[in-house]
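Here's the letter readout for the chains.
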Amino acid sequence: MAIMTYSEAVQDAIQQEMRRDPNVFIAGEDVTRKHTKVLLEEFGPKRVRDTPISESQIISLGVGAAAMGLRPILIMSFMDFLGCSMDEIMNQAAKMTYMLGGQTHLPMTICAAMGAGIRAAAQHSQSLEAIFAHLPGLKVVTLSCPKNAKGLMAQAIRDENPVLVLEHKALGGMAGEVPGGPFAMPFGKADVLRAGVDVTLISWGRMVHRCMDATAELEKKGIDAEVIDIVSLVPFDEEGVLASAAKTGRVVIAHEATEHGGFGGEIAARIADKGYGFLKGPIKRIGAPFVPVPFSPVLEDRYIPSTEQIVSLAAGLF
Amino acid sequence: MGLTKELTKDEYLSLYETMVKIRVFDETAAAYADSGELCGFVHPYSGEEAIAAGVCGELTKDDCVCSTHRGHGHIIAKGGDVNKMWAELYGKATGYSQGKSGSMHIADISIGIIGANGIVGAGLPIANGVAFALDYQGKDAVCVAFFGDGATNRGTFHEALNLASVWNLPVLFVCENNGFASTTPRAEAMNVARVSERAASYGMTGVTVDGNDPLAVKEAVRAARLRLREGGGQTLLECITWRHHQHFIGDRSDYKDPEDQARWLSEEMDPIPRFEKRILEAGIADERELAEIRERVDAEIIAAVRYGKESPYPAPESMYDFVYAD
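Residues numbered from 1 in each chain as written. Chains lettered and ligands numbered in written order. Predicted model: local features only at pLDDT ≥ 70, side-chain atom pairs only at ≥ 80, totals over all residues. Heavy atoms only, no water.

Take helix H2 (residues 9-35) of chain B next. Taking 1.5 Å per residue, 27 residues should reach 39 Å; H2 of chain B reaches 39 Å between its end C-alpha atoms and fits that length. Of the residues flanking the end of H2 of chain B, it is Gly-36 of chain B, one or two places downstream, whose phi is positive at about 95°. (Helix = DSSP H or I, 4+ residues; strand = E, 2+ residues; numbered from the N terminus. Expected span 1.5 Å × (residues − 1).)

Below you can see the structure in the form of structure tokens.
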């Protein structure tokens, strides 16, 4: 085990996989002069490349190169910018394997930063994971701590499909224990961060920490909460979530994306459909209000779902 | 022109056969789409055959192409299997994509056809990715991006030409300027007379050729490859042509000037009779030899259509195959 930050863990995974496989290369915005200088020093300019600010081209570079057998890692900076490359993600990367009847496939990793909280306003703060989870052919993964930042990032690079890896920009400096040697974690296996018997708190990304904080408050009220990080929206660990909901009978889903149309609705629908018999109350959801991310600190802090709101929703089920 | 003298009889006849094969393939597809025998969109390549034949005639098996919605010609010229193509048009299990692609997404990775594309302008930046991989893997090969004049108004055209130039990628941009973006005339969509003028923005060479002359196209591709090899950078090759049909079969809108249409379809302008005349006048082959080629192609396409029609449909549960790779 080594102690490293969340951002260092992502880089450690990239370095690990670039050493493992000469077909892995990294390209994107601000790659060599900012995020991954150490990679340039080790792997050289052929495999570590800055691109122009050309989002469509960056994703398409990945599509074309992956179709030919390379394993691109594409650095897209803020998730909000994925709008500039939506055709390439939605109509090219996600569908090519299918449209070509499996003649080739696209082992490519798309990295982008999600989340609010850095006073960056409406175009640099969004959590748009539900949009991408709606697209068959794409996998969507969220990193919530240094350990899974390394493990899931490594897995994304090894995966044979296009994977959107979402780092949360508020977690970059978070330090924690990370396996030092070669390490990857599977997708589609929800992580039980705290076992409990009274209520299941389901979340991903930064919101798992607010759920963990909520458990302390809930404990004071005599409520023993279980916390689940779903880790990947696609593939989604339905079995793991249902098992926890069956145990506790109560569910609160918390995410930073707008509640309206959020992935929490999909999870709630699945639990309602397949787990109705063991529910002891309504499935509750908390997400951001249906507004663009505001700038003013007063507004932004109110926008992001809080620990207090999670506590209140969970306690309201009793 | 130097090339005219250099080409062997076989090369002439090979170009001719490719053009005829594309024409027969797409005229049959057009008729079948019109009658309802084929479903979905069919965008015939008829009238533009000299470009696919001329470009792909200069490519090796290692070279790659990224095609378009009007892509049958590129696939045939690159060596695609017309049986698998027809089966795909019919949505059959024996098609190139087992019935998942239809007309607009045909690919054959084994011979460097990275895929036709239903999104205008999507192929150019993908071609850069392919070219990057060819270079990364140390192959002496290029990737050709085919696209229409309409695609040059998309942002992807700009992003792709720019990156190809600054990264010095082994890519060739081939614009098939058929005068219309769907139904919109070129002059309403851009304020430069020639697409090739746009090359200057990227520090690359822009060339315009007669896209209905396979030898002019071939020679321009040869020069572009040489330029690339000698460090002279990429080429935006504009081939002036005309599509005989509307945008797709079933598009009944009336936007072409009948006089222009008649002129481009005349024996003097249509690339196939034009090339025939040239072959006959130069004494490269006689009418009987050309007729034999046409008969062979007819038989091949008839067999391909039958293969497609008689092939089984995919099993319903195959819908779930290939969403993800294992």
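What follows deals with unusual backbone geometry. All names here are of chain A. A cis geometry characterises the amide bond from Val-234 onward to Pro-235, with omega recorded as 0°. Looking at where Pro-235 falls in the secondary structure, it is placed in the loop between strand E12 (232-234) and helix H10 (238-248). Not every positive phi belongs to a glycine, and Ala-121 is a case in point at roughly 65°. The exposure class assigned to Ala-121 is partly exposed, which follows from its relative accessible area of 23%. (Buried < 20%, exposed > 50% of the residue type's maximum accessible area, 1.4 Å probe, protein only.)

Consecutive side chains along a regular strand alternate between the two faces of the sheet. All names here are of chain B. As paired strands, strand E7 (residues 205-210) and strand E8 (residues 235-240) are joined by six bridges and run parallel to one another. Bridge pairing links Gly-206 to Leu-236 in E8. Taken together, E7, helix H9 (residues 214-229) and E8 form a β-α-β motif whose crossover is right-handed. (Pairing = 2+ DSSP bridges. Right-handed = clockwise from strand over helix to strand, strands pointing away.)

This next bit is on the sheet that holds E7 of chain B. All names here are of chain B. Spatially, E2-E1-E3-E4-E8-E7 is the arrangement adopted by the six strands of the open sheet, whose pairing is parallel. Two strands in the sheet have a free side with no partner beyond their single neighbour: strand E2 (113-115) and E7. Strand-to-strand twist in this sheet, taken as the mean axis angle between neighbours without regard to direction, amounts to 20°. Here six bridges tie strand E3 (residues 143-148) to strand E4 (residues 171-177), and the two strands are oriented parallel to one another. For Cys-143, the partnering residue across the bridge sits in E4 and is Val-171. The sheet strands contacting helix H3 (residues 49-56) are strand E1 (64-66), E3, E4 and E8, and the helix crosses E3 at an angle near 170°. (Axes fitted to C-alpha atoms, helices over the stretch in contact; angles between N-to-C directions. Contact = heavy atoms within 4.5 Å.)

Bringing the interface of chain A and chain B into the picture now. Many structure descriptions define interface size as the accessible area lost when the parts assemble. Listed per partner, the contact involves 45 residues of chain A and 38 residues of chain B. The contact between chain A and chain B buries some 3,400 Å² in all, and 63% of this surface belongs to carbon and sulfur atoms. The largest per-residue losses of area from chain A upon contact with chain B belong to Gln-57, Met-68 and Tyr-98 of chain A, which jointly make up 21% of the total buried on that side. Counting across the interface, chain A meets chain B through zero salt bridges. Across the chain A-chain B interface, the total number found is 20 residue pairs in polar contact (both at pLDDT 80 or more). Residue assignment for the side of chain A that touches chain B shows that the elements contributing at least two residues are strand E2 (24-28), strand E3 (48-50), helix H4 (55-67), helix H5 (86-93) and helix H6 (96-99) of chain A. Considering every element that reaches the side of chain A that touches chain B, the biggest residue donor is H4 of chain A, with nine residues. Split by residue class, the side of chain A that touches chain B holds 19 nonpolar, 17 polar and nine charged. (Buried area = accessible area lost by both parts, 1.4 Å probe. Salt bridge = Lys/Arg side-chain N within 4 Å of Asp/Glu carboxyl O. Polar contact = N/O pair within 3.5 Å; in protein donor to acceptor, adjacent residues only side chain to side chain. Nonpolar A, V, L, I, M, F, W, Y, C, P; charged D, E, K, R; others polar.)

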